[in-house]
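Chain residues, written in single-letter form:
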Amino acid sequence: MPAVPAHARASGPPPANTVVVVLALAGIVVSLMQTLVIPLIPQLPRLLSAPAADTTWAITATLLAGAVATPTVGRLGDMYGKRRMLLISLVLLVTGSAVCALADTLTPMVVGRTLQGLAAGVIPLGISIMRDELPAERLGSATALMSASLGVGGALGLPAAAFLAERTDWHVLFWTAAALGVVATVLVLTLVPESSVRTGGRFDLVGAAGLSIALVCLLLAISQGAGWGWTSALTIGLFGASVVVLALWGWWELRTGQPLVDLRTTARRQVLLTNLASAVFGFAMFAMSLVLPQLLQIPKATGYGLGESMLTVGLVMGPSGLVMMAMAPLSARISKARGPKVTLMCGALVVAAGYGLSIALMSAIWHLVLVSAVIGAGIGLAYGAMPALVMAAVPVSETAAANSLNTLMRAIGTSMSSAVSGVVLAQMTITLGSATLPSQNGFRLVMAIGAGAALVALAFAAFLPGRRPASATPATRPAAARV
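Summarised in this report is the structure supplied together with it. (Residues numbered from 1 in each chain as written. Predicted model: local features only at pLDDT ≥ 70, side-chain atom pairs only at ≥ 80, totals over all residues. Heavy atoms only, no water.)

1. Describing the overall build of the chain
Worth spelling out the cut-off: A run of DSSP states H or I qualifies as a helix once it reaches four residues; a run of E qualifies as a strand once it reaches two. Both are numbered from the N-terminal end. For the radius of gyration, the atoms used are the C-alpha atoms, and the globule rule reads 2.2 Å times the number of residues raised to 0.38. Residue burial is assigned from relative accessible area. The probe radius is 1.4 Å, only protein chains are included, and a residue is buried under 20% of its type maximum, exposed over 50%, and partly exposed in between. Working rule for contacts: check all heavy atoms of both residues, and any pair within 4.5 Å makes them a contact. Working definition of accessibility: Shrake-Rupley area with a 1.4 Å probe, residue cover restricted to the visible protein chains. This count recognises Lys and Arg as positive and Asp and Glu as negative, with His and chain-terminal groups excluded. In plain terms, the charge of a residue is placed at NZ if it is Lys, CZ if Arg, CG if Asp and CD if Glu.
On a plain count of helices and strands, the chain comes out with 19 helices and two strands. In terms of overall dimensions, the chain is globule-like: its C-alpha atoms have a radius of gyration of 22 Å, near the 23 Å expected for 483 residues. The buried share among the 483 residues of the chain stands at 55%. Excluding contacts between residues fewer than 6 apart, the proportion of contacts in the chain whose partners are at least 24 apart in sequence is 81%. Surface accessibility of the chain: about 18800 Å² in total, with carbon and sulfur atoms responsible for 70%. Positive and negative side-chain charges of the chain, numbering 27 and 14 respectively, have mean locations separated by a distance of 11 Å.

2. Quick word on the pairing of strand β1 (residues 429-432)
Just so we agree on the cut-off: At least two DSSP bridges between two strands are needed for those strands to be called paired.
By the bridge criterion, four bridges tie β1 to strand β2 (residues 435-438) in an arrangement that is antiparallel. Considered in β2, the bridge of Thr 429 is made with Pro 438. Hairpin connection between β1 and β2: a loop of two residues separates the two successive antiparallel strands, and Gly 433 in this loop has a positive phi of roughly 65 degrees.

3. Focus on the packing of aromatic side chains
Quick reminder of the rule: A pair of Phe, Tyr and Trp rings is counted when the ring centres sit within 6.5 Å of each other, with Trp represented by its six-membered ring. The angle between the planes then sorts it: under 30 degrees is stacked, over 60 is edge-to-face, the rest tilted. Cation placement over rings: the criterion is NZ of Lys or CZ of Arg within 6 Å of the ring centroid and within 35° of the ring normal.
Taken as a whole, this structure holds three aromatic pairs when the rule is applied. Relative to Phe 174, the ring of Trp 170 has its centre 6.1 Å away and its plane inclined at 90 degrees; by these criteria the two rings are edge-to-face. In this structure, Trp 170 and Phe 174 share a single accessibility class: buried. Aromatic pair Tyr 304 and Phe 443: ring centres 6.3 Å apart, planes at 70 degrees, arrangement edge-to-face. With Tyr 304 in the loop between α14 (269-297) and α15 (310-338) and Phe 443 in helix α19 (residues 440-462), this pair connects stretches of sequence that are 139 residues apart. For the pair shown, Tyr 304 and Phe 443 are each scored as buried. A cation sits over an aromatic face here: Arg 410 above Tyr 383, 4.1 Å from the ring centre.

That is the geometry; function is a separate question.
In structure tokens form, the structure reads like this:
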């Protein structure tokens with residue numbers, strides 16, 4: 001019997017742990033884009049020689065691009081290969097980061113940030129690859145970690161971005177993002193297998209265009225409404241257009257043979273309630289990200305501000321990302337023992353408790369570290385349960401599309417949180433010298449709203465169907481995928 005060549009012996013599927021680490025790293029790299037520009041926001045008008053109102057597009061463009069790309073890339077992943085679409089997303093991230101790194105004016109910066117936003121589908125694609133490729137006993141903890149990477153990257157990226165922004169040229173931020181994107185791309189290319197689970201068929205171009213237009217109108221009105229005026233004709237017109245286009249899109253999706261989003265599947269009780277809970281949870285999660293940095297940076301002369309630097313803000317927020325990561329295996333264990341419904345409810349309770357603490361504890365740095373860590377723990381638990389709930393209720397052929405829609409619902413929730421919190425903090429202010437600053441009661445009200453949103457998510461979760469362990473999720477996978 002002839003000897004087996006060394007390269008043949010070495011071939012075969014990579015270990016499950018390797019796939020999980022690589023996909024989670026890719027998710028963290030993509031989620032870094034959320035906080036990458038936060039340290040630069042006050043300086044963007046000077047750095048880009050543009051009015052402050054215009055530089056907000058460096059943030060809005062990423063939000064809009066991510067909303068458009070997430071459902072579209074998810075459906076394309078189901079049809080043509082999830083790994084292929086994941087690689088395309090990472091290449092867009094690298095390209096966008098390089099464009100931003102070379103930018104000195106607003107237009108190329110907005111173009112680059114748009115390309116970065118188009119990579120938002122990496123996390124739902126990674127979860128879907130895990131469902132196809134991992135053994136049942138690894139799936140729960142792996143998808144929990146991948147889902148939590150959305151928050152982990154944002155939390156850990158803030159101190160790193162603040163450090164680089166304070167000590168180097170600001171372009172280094174984007175060169176660093178490009179380098180991390182290259183590393184993630186190479187690792188995915190070499191270590192992550194392509195799933196054999198494909199749906200084929202024809203891409204629903206009309207559905208993709210309709211959903212994209214509706215989302216752009218909705219998120220543009222939410223993100224820019226404060227500046228344009230909530231009662232202005234433009235803001236109201238965009239909200240109205242989003243409703244009309246979304247209704248027409250739903251009509252089309254129910255009648256086309258191969259829809260972008262299977263609304264009949266989406267309307268199933270478990271999927272619908274999970275998506276609603278995800279949107280409300282996204283709202284609850286983001287309130288912390290808006291309040292704590294401002295509390296830390298507001299001057300001490302106010303009596304409640306701490307007067308710290310952006311680097312300190314990052315160091316205070318950073319531990320919440322580590323806590324989210326640590327909660328992933330616990331989330332999987334609770335889901336396996338009691339079902340992901342219970343895990344989601346526990347996460348919502350912990351987040352509500354964290355916001356409750358913040359109303360009383362906001363006068364010292366350690367108070368805010370504790371608050372962010374408790375809220376991070378709740379987010380880690382809940383984010384780990386969401387993909388398990390969605391995947392248990394959808395066919396394997398729709399995994400990426402369903403996870404992408406769930407991720408999109410979280411993003412819509414965070415956008416609404418930003419708008420509501422902005423209105424509250426703009427209305428409840430104090431005057432310090434010539435400056436107008438949010439009042440302490442304004443911050444407390446936003447945190448109370450965050451607690452209320454977490455309790456609403458808890459209520460949605462309570463109406464989910466009974467126990468269905470996460471470990472049962474991959475039972476419907478084809479034998480070829482269970483390696």
